[in-house]
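Fold and geometry: a report
Listed below are the residues making up each chain.
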Amino acid sequence: MKAKLSILLLCFTLVSWSQQKKISGLVTSANDGMPLFGVSIIVDGTSRGTSTDFDGKYSLTLQSGSQVSFSYLGYKSQTIKVIDQTIINIALEEDANSLEEVIVVGYGSQKKIDLTGAISTVKAEDIEKTPNSNIVQSLQGKVAGLQITSNGSPGAGPTVRIRGVNSFSAGGAPLYVVDGVFYDDIDFLDNSQIESISVLKDASSIAIFGQKGTNGVIVIETKGGKLNSKPTFTYSGYTGYQRAQNVVKMANAEQFVTMALESGSQADIEFVANAIQRYGRSRINPNLPNVNTDWYREILRVAPISSHNLGVTGGTESATYGVNASYFSQEGILDMENEYERFNVQSNIEVKLSERFKVGANALFSNSARFNPENGAWFQAYFAVPILPVFDTQNENATPTAFSDATLLGYRGAQNPFPVMTFNNNRVKQRRVLTSAFIEYSLIPKKLKFKTFYSHDYNTTSERNVRLPYFISENSQRAVSSIRRAEFNSSNQYWDNILTYTDTFGDHNLTAIAGASYRDQQFEALQATGDDITGIDLESSWFLDFADPGSFANQVIGNGDRLYSIAYLSRVEYNYKNKYLFNATYRYEGDGRFPKEIWLGTGSIGAGWVISEESFMQDNGVINFLKLRGSWGQLPNGALTGSAGTRTVSTLTTAINDLLTNGIISTNNFTDLEREILEETNVGISAKLFDNRLSLEVDYFTRDTKRLVIPVIQPIAGNTVLQNAGEMRNTGFEVAAGWSQRLNKDWSFSVNGNIGTLKNKMTKINNNLGYLDTGSAEFRQRSILGEPVEAFFGLEVEGVYQNDTQVANDPIAVDNNLEPGDFIYKDQNSDGIIDDQDRVVIGSYLPEFTYGGNLQVSYKNFDFSLAIAGQTGNEILNRKRGEVIFTNDTNIDADFATNRWHGEGTTNSYPSSAGRRKAWNQRLSTFFIEDGSFFRIQNVQLAYTIPLKKLGENMPEFKLTFTAERPLTIFKYNGFSPEVANGVDRQTYPIPAIYTFGVNIKL
């Protein structure tokens, strides 16, 4: 019996084997006949599949009678039944207009053709090219209307603005939506995890998100498996280094001493003599000390950066899965304990339990540690005199390190940045657990489905800031050590329940969603500071238990907060014959922080006309797709702190008619606020031309912030409260265009570019002054009707007095005892006096024009890409140079030293060495406001794919990459970088160039 069974099984195996066959062929584009690389080829109903190589070729073993599907992004899929064929060549037709391309939007997705709002997408391969700790940095220069201001500090995220600034009192960061979950930041994500990024810019696109989405929304989809796909293993990694670029040149010893002598300051001349006496004379110039320190060079270093990522994705007939682990490490270019390290593990799974029932879950654990820099070191390095060395062996009383100190030469400040860099240790540990799960059930198959979705973001942050003791001089010491420990815990939970109805009847297509979103956000913090740590030399003693118990008084803080909110939301999408489009959104949201208006409803509408679908546009030979779209929407700002404050009554005794009189005074600082309302109108055009080679997106928007919250001074009492008393407007024009073409089987290229304009102005300020002041009194920023928010406000420099005759002939110069080398200010009101009435708007930190571009060229197995980015129309307050107002016995940058006025005709823009020390020339003026424009080569990458596939179907894909990130930046500003988030440069961390070598393996 066993023998018969064995023979039967053998026969069955032989028959099955005989039905297996191998097919091969070539997949090309039907449009130009060029081979297509990466076409997905799947045997229907199985996980068996492959993809085409660089020459468009493939081979696949399958069962006779199977159906094989060929699919490629931007092309129509084809399915072939295999019977007797052994060679199957396929010509895929381009999917005109890429109508089936799906864009992820709020609580669902839409076909690209159906969009009526302003949405930009960025491909995963463009994100992966950027070696940075925060994936948002990868978007710089890639999206019109999106401004990314970089931050060079390890682990620090960039400043992100979508279509400008929308509020005076609340934050401007966008909302991040990762796989359907809401986040305020995404510093826990790795570049290699990203599948796609969509930037939702207009009110119509973001209205469904309500008050969380006021500043725009960035939607991110992470990588996962696909149905009927075999397991795919990937490794991607790179290692490299960072180097500071555009390092500010400071005055050297000779320039500094020359300026000290020119200043006429006897004290400074004496300080130079003290340096010569202490450190000896220079052999090159005996009139100089034997010291010439470049402080920026001393505090900078070349720093390593690396990343490693390992993942597996796949799917069966009913489930998809993905697991990913990544490690990122970055040291800072500031030469101290300044670094960032992150380890992530992510997994996701979706299971189709039946034709109507689907479930899924996603989990991510992120563990990071960051050692924060002492940013004051940048400030100190700018001011430190070059005639001071880093170390001073004669400073015998210094402990534990003999650092130098400028006060030992007579200067007022220690200036040396190394003590704060060396004796401070600031560590931040963060652990995040991000989980989400959903259940989806089709109530009516292919028409009505219900989805319940729960997510939880739990974040714990532990800070440890240790100040070690040291002694450099009487003016530079820390006699008692201290430690600050802080624990922050946050929990953010969302529960969404959504009904989605989809139907097609005749030429009509309808999708409608309705649902509710519940949010529970909690925050707790406990902070304590202790002094005089026992055993401070050991890190094992860096706990509060080792501090003096008596030192905790008034240094312990505990607080917390909890916020509940609920929203009801709905959206309708309708199109007729895929050419007349309409959508509408409405959201009704409750927030207890605003008792004056707890519940608020806002919405949006959008319409589109696909002109290319009209009969008169058919077969025109140029335009393949043309859509006119427009939208209008409103949404509230939920970043405000809400209503708060007190009303108090106090007694007062004052003199009235020489008699002491008792009375009472009422003080009210209660802010009974309503939410700000963002209202935006957007019109745009989407087009594809010349056989879909040219793509074009054009948008114009007008965005108003109504009920703007601003500070208002109360009559009589004189205190300031926040009120809904202002309005602000942003307008802009955005263009994105791209051309993609394959020239022959070896060569292909694509060129993409985008530009964006922005005009910001205050349109209503309802307070007693008619303007709003921010910044300090010395460095004033003022918001004025018709001018940009928080514009720089000061005097306009017309020139520099060149000689005594010019001074004598100017009454203003005579009245103010001015001399040649002093500034000539413009008398704006022609009253013969230079005072506060002559101050005007002298610049804005908001760029008026941003742009970016990308070139990609492929030749056989080589790929080259070049990305650029830039901006113009913004200014920077060089506060480093301006703080001479507080102390004038410091160093100055080489630009000033070289271009200073030192005789008639030498310059008409810079004051003299003596003039630099005068209060007249230290007033905020156009001299301290500099052009913030820049052009940057953002990214250059050369990649080579080793053609291992030619050796066999099961060989891995192997790619080598060399990347240069920010290798060249061209600008005029006298600083490390023109990227300054708020436009005020006092101690900005430099943005380094990064060079890496990477390897990508796919099996």
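Being a predicted model, the structure only gives us computed values, none of them experimental. (Residues numbered from 1 in each chain as written. Predicted model: local features only at pLDDT ≥ 70, side-chain atom pairs only at ≥ 80, totals over all residues. Heavy atoms only, no water.)

Concerning the overall build of the chain
Tallying secondary structure elements over the chain gives 13 helices and 52 strands in all. Judged by the C-alpha coordinates and their principal axes, the chain covers about 115 × 70 × 65 Å. Residues counted as buried form 51% of the 1003 residues belonging to the chain. In the chain, the share of contacts with a sequence separation of at least 24, taken over all contacts with a separation of at least 6, comes to 70%. For the chain, the exposed area adds up to about 44600 Å²; of that, 54% sits on carbon and sulfur atoms. For the chain, the centre of its 90 positive side-chain charges and the centre of its 108 negative side-chain charges are spaced 8 Å apart. (Helix = DSSP H or I, 4+ residues; strand = E, 2+ residues; numbered from the N terminus. Buried < 20%, exposed > 50% of the residue type's maximum accessible area, 1.4 Å probe, protein only. Contact = heavy atoms within 4.5 Å. Areas by Shrake-Rupley, 256 points an atom, 1.4 Å probe, with all protein chains shown as cover. Lys, Arg positive; Asp, Glu negative; His and termini not counted. Charge placed at Lys NZ, Arg CZ, Asp CG, Glu CD.)

Focus on the layout of surface pockets
In this structure, the second largest pocket encloses a volume near 900 Å³. Along the walls of the second largest pocket sit 35 residues, with Asp184, Lys212, Asn492, Arg519 and Gln521 positioned nearest its centre. Mapped by element, the contributors of at least two residues to the lining of the second largest pocket are strand 14 (181-183), strand 22 (424-444), strand 23 (448-467), strand 26 (482-505), strand 27 (508-531) and strand 28 (556-576). The element contributing the most residues to the lining of the second largest pocket is strand 26, with 5 residues. A breakdown of the residues in the lining of the second largest pocket according to their chemical character gives 10 nonpolar, 16 polar and 9 charged. (1 Å grid on protein atoms, 1.4 Å probe; cavity = no way out; pocket = protein on both sides within 12 Å on 5 of 7 lines; lining within 4 Å. Points joined across faces, edges and corners; volume = space filled by probe spheres on them. Nonpolar A, V, L, I, M, F, W, Y, C, P; charged D, E, K, R; others polar.)

As for the environment of Pro419
By the element assignment, Pro419 lies in helix 8 (residues 418-422). Residues Pro419 and Ala867, 448 residues apart in the sequence, show an inter-C-alpha distance of 40 Å. Excluding its chain neighbours within four sequence positions, the residues that come into contact with Pro419 are Phe403, Tyr470 and Ile472.

Let's talk about a nonpolar patch on the surface
On the surface, Phe343, Val345, Phe365, Val433 and Tyr458 cluster together to form a nonpolar patch covering roughly 390 Å² of accessible area. By relative accessible area, which is 34% here, Phe365 ends up partly exposed. (Patch = residues over 30% accessible without salt bridge, like charges linked within 9 Å, V, L, I, M, F, W, Y side chains within 5 Å. Salt bridge = Lys/Arg side-chain N within 4 Å of Asp/Glu carboxyl O.)

A look at the pattern of salt bridges
Using the criterion set out here, one finds 49 salt bridges in the structure. Note that Arg278 and Asp392 form a salt bridge whose closest N and O atoms lie 2.7 Å from each other. Highlighted residues: Arg278 in helix 5 (residues 266-279) and Asp392 in the loop between helix 7 (376-383) and helix 8, separated in sequence by 114 residues. Of the charged contacts, one joins Glu539 and Arg464 as a salt bridge, the two residues approaching to 3.0 Å between their closest N and O atoms. With Glu539 in the loop between strand 27 and strand 28 and Arg464 in strand 23, this pair connects stretches of sequence that are 75 residues apart. Classification of Glu539 as partly exposed rests on a relative accessible area of 45%. Each of Arg163, Lys201, Glu680, Arg703 and Glu734 takes part in salt bridges that share partners, so that together they form one network.

Overview of the side chain of Arg427
In this fold, Arg427 is placed in strand 22. The charged side chain of Arg427 is buried without a salt bridge, its nearest counter-charge being Glu539 at 4.3 Å. In this structure Arg427 touches Arg370, Phe371, Ser462, Glu463, Arg464, Arg485 and Glu539, once residues within four positions along its chain are discounted.

Looking at the sheet that holds strand 40 (residues 780-784)
Read across the open sheet, the 4 strands follow the order 39-40-41-44; overall the sheet is antiparallel. A single partner strand is all that each edge strand has here, and the edge strands are strand 39 (771-775) and strand 44 (840-843). Adjacent strand axes in the sheet meet at a mean angle of 50°, parallel and antiparallel pairs treated alike. Examined bridge by bridge, strand 40 and strand 41 (residues 791-794) share 2 bridges and lie antiparallel to one another. Across the sheet, the residue bridging to Gln781 is Phe792, located in strand 41. (Pairing = 2+ DSSP bridges. Axes fitted to C-alpha atoms, helices over the stretch in contact; angles between N-to-C directions.)

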